[in-house]
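# An overview of the molecular structure
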Amino acid sequence: MNMVDSNDLELGNEDKSNTQLVGTDTCMNMGPSNYVPPDGDEPSDFQNLSEIEKTCLIGREIGFEVDKDNPILEEILGESETQLADADNINVANCWGSDQWDADKVHATGRSGGLINIWDPLVFTSIDVIKYRYCLINIGNWVGIDKPVILANIYGPQAIPEKEKLWVDLLNLMERRKGIWLILGDFNAVRRAEERFNSNFCAHTAMGFNRFLHDGGLHDLKMGGHRFTYFCHDDLKLSKLDRFLVCSDFLSIFPNVVVTTLPRETSDHCPVLLSTTSLDFGPTPFRFFNSWMDRDGFPNIMASAWLHFQGFDTADCMLAAKLKHLKNKIKEWRATDHPKEVEELKSLKSKMVALDLIAESRALTTPEKADRRDVSRK
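Residues numbered from 1 in each chain as written. Predicted model: local features only at pLDDT ≥ 70, side-chain atom pairs only at ≥ 80, totals over all residues. Heavy atoms only, no water.

## Some thoughts on the overall build of the protein chain
For the protein chain, the count of helices and strands is 10 helices and 17 strands. Scored against the burial criterion, the 378 residues of the protein chain give a buried share of 34%. Long-range pairs, those at least 24 residues apart, make up 59% of the contacts in the protein chain between residues at least 6 apart in sequence. Element-wise, carbon and sulfur atoms account for 53% of the exposed surface of the protein chain, whose accessible area totals about 22,700 Å². (Helix = DSSP H or I, 4+ residues; strand = E, 2+ residues; numbered from the N terminus. Buried < 20%, exposed > 50% of the residue type's maximum accessible area, 1.4 Å probe, protein only. Contact = heavy atoms within 4.5 Å. Areas by Shrake-Rupley, 256 points an atom, 1.4 Å probe, with all protein chains shown as cover.)

## Things to note about the pairing of strand 15 (residues 242-246)
Put simply, side chains in a regular strand alternate between the two faces of the sheet. Among the 5 residues of strand 15, 5 are classified as buried, and the element is accordingly described as predominantly covered. Residues D242, F244 and V246 point to one face of strand 15 and R243 and L245 to the other, with burial holding for every one of them. Pairing geometry for strand 9 (residues 180-186) and strand 15, over 5 bridges, is antiparallel. Across the sheet, I183 pairs through a bridge with L245, a residue of strand 15. Here strand 11 (residues 219-220) runs beside strand 15; their pairing, made up of 2 bridges, is antiparallel. In the sheet register, D220 faces strand 15, and the bridge partner there is L245. (Pairing = 2+ DSSP bridges.)

## Some remarks on the sheet that holds strand 16 (residues 258-261)
Strand order in the open sheet formed by 3 strands is 12-16-17, and the pairing between neighbours is mixed. Edge positions in the sheet fall to strand 12 (223-225) and strand 17 (272-275), since each of these pairs with one other strand and no more. Averaged over neighbouring strand pairs, the angle between their axes works out to 30 degrees when direction is ignored. Taken together, the 4 bridges between strand 16 and strand 17 define a ladder with antiparallel strand orientation. Bridged to V258 within strand 17 is S275. (Axes fitted to C-alpha atoms, helices over the stretch in contact; angles between N-to-C directions.)

## Looking at helix 9 (residues 315-359)
Along its 45 residues, helix 9 runs 61 Å from first to last C-alpha, staying within 8% of the 66 Å computed at 1.5 Å per residue. Helix geometry: helix 9 is bent most strongly at D337, by close to 35 degrees, with proline P339 lying one to four residues after it. Among the residues of helix 9, those classed as buried are L326, I330, W333, R334, D337, M352, L355, D356 and A359. Its buried side turned inward, helix 9 meets strand 10 (196-197), strand 13 (230-232), strand 14 (237-239), helix 8 (298-307) and helix 10 (366-377). (Expected span 1.5 Å × (residues − 1). Bend = angle between axes of the 7 residues up to and from the residue.)

## Some remarks on a nonpolar patch on the surface
A cluster of nonpolar side chains, contributed by W306, L307, L319 and L323, occupies part of the molecular surface with about 410 Å² of accessible area. Elements with a minimum of two residues in the nonpolar patch: helix 8 and helix 9. Relative to the helices and strands, L307 is located in helix 8. (Patch = residues over 30% accessible without salt bridge, like charges linked within 9 Å, V, L, I, M, F, W, Y side chains within 5 Å. Salt bridge = Lys/Arg side-chain N within 4 Å of Asp/Glu carboxyl O.)

## Observations regarding the confidence of the model for the protein chain
Taken over all residues, the pLDDT of the protein chain has a mean of 78, while the share at 70 or more is 75%. The low-confidence segment residues 1-44 (pLDDT under 50) makes 81 contacts with residues lying over four places distant or belonging to another chain. Note that pLDDT drops below 50 for residues 74-85; the model gives that stretch 21 contacts with residues more than four away or on any other chain. (pLDDT = per-residue confidence, 0-100.)

## A look at the side chain of S239
For S239, the position within the fold is in strand 14. Apart from residues lying up to four places away in sequence, S239 is in contact with E195, R196, S199, F228, T229 and Y230.

## Comments concerning the nonpolar core
A general trend in soluble globular proteins is that nonpolar side chains are found buried together. Counting residues in hydrophobic clusters, the biggest one holds 39 residues, and the most contacted among them are I137, I183 and F212. Secondary-structure elements contributing two or more residues to this core are strand 6 (124-132), strand 7 (135-142), strand 8 (149-155), helix 5 (160-176), strand 9, helix 6 (203-216) and strand 15. When near neighbours in sequence (up to four residues on either side) are disregarded, I137 contacts D128, V129, I130, I150, L151, A152, L170 and L173. (Core = buried A, V, L, I, M, F, W, Y, C linked by side-chain atoms within 4.5 Å.)

## Quick notes on the pattern of salt bridges
This model, assessed by the stated rule, comprises 16 salt bridges. Between K131 and D104 there is a salt bridge, with the nearest N and O atoms lying 3.9 Å from each other. Of the two residues, K131 sits in strand 6 while D104 sits in strand 4 (residues 102-109), which places them 27 residues apart along the sequence. Residue class for K131 comes out partly exposed when judged on its relative accessible area of 29%. For D220, the salt bridge identified is with R243, shortest N-O distance 2.7 Å. Within this pair, whereas D220 is found in strand 11, its partner R243 is found in strand 15, the two being separated by 23 residues in sequence.

## Some words on empty space enclosed by the protein
Summed over the entire model, instances satisfying the criterion amount to 1 cavity of 30 Å³ or more. Of the voids in this model, the largest cavity is the one considered here, and its volume is about 30 Å³. Lining the largest cavity, in full, are I160, K163, E164, W167, H204, T205, G208 and F209. For the lining of the largest cavity, the secondary-structure elements that each account for two or more residues are helix 5 and helix 6. (1 Å grid on protein atoms, 1.4 Å probe; cavity = no way out; pocket = protein on both sides within 12 Å on 5 of 7 lines; lining within 4 Å. Points joined across faces, edges and corners; volume = space filled by probe spheres on them.)

Structure (structure tokens):
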């Protein structure tokens, strides 16, 4: 596999003359910045520092010695937030559910970013990879498709100038790298005001994002399921930030493609599923889940099956027969308990969906917020 340097994106030089303080797509220019990184520190290197490191560096430049290990500083800047910044710590096999996988990663920078692409090597073979702070692009061969397939995973920046630069970089790359383009991820941008609720809408950002789609000849696939993909638990802000963008050739190959926004449940982002075919994986294999230990009646079933087993054979055969007997008793119990668990889970999910739908039209009341927290914990 050839590693393509991020210069392939024609990143160019950023204009550092103005610093913009932006929230989520808010347009608020704070005027010129007087800070220039000290000699030997390139602006790009400075941008890659964490908030604590930036604060300590600027503090030293203006005559203050700041201890980066000070817990008060961590609390103020939010760096104590639990985050898996090292993508190498991700257990890909557990995420993928199969031993057949390959992956590429982009590590998080500070408190944001971090991308991972996982694929089945029997279906897709990556030839080139482009890694950049805001995107991870794998270029390769997809079984049954005679053109290169380009999978671009995006984590959109918050700052408006960086967003605009990312769109230009991607358009330049699309011009040079011809193939079947599939662009997905959290773009941190919306296309119209209706894609935000109780959240600031920036028309300038939306215009730039829509221009990117138009100039790139990209189709924004219509999504079923939830109307929004991001739910800010604290402020009850909802936005449609996650989506799939595809080129016309992709739609020619997969005309029946379906995109569904799944329930967010424990995450603040909804999983978004793109499906091109209907799959039947056959009967579900027997698996034991630790959560069964907390189900009513399960400990008694285990004890009874283990203590009352009778048989005569060699020790190893007896053990195998006893374990099989135990498995059969668990399956019998599961056949009656599973429908109850499904109904309980269905009720909790329905309650969560109902609260989410209410939040899409108005702010949740205090009791409704408490109900949502209780459902999330369950």
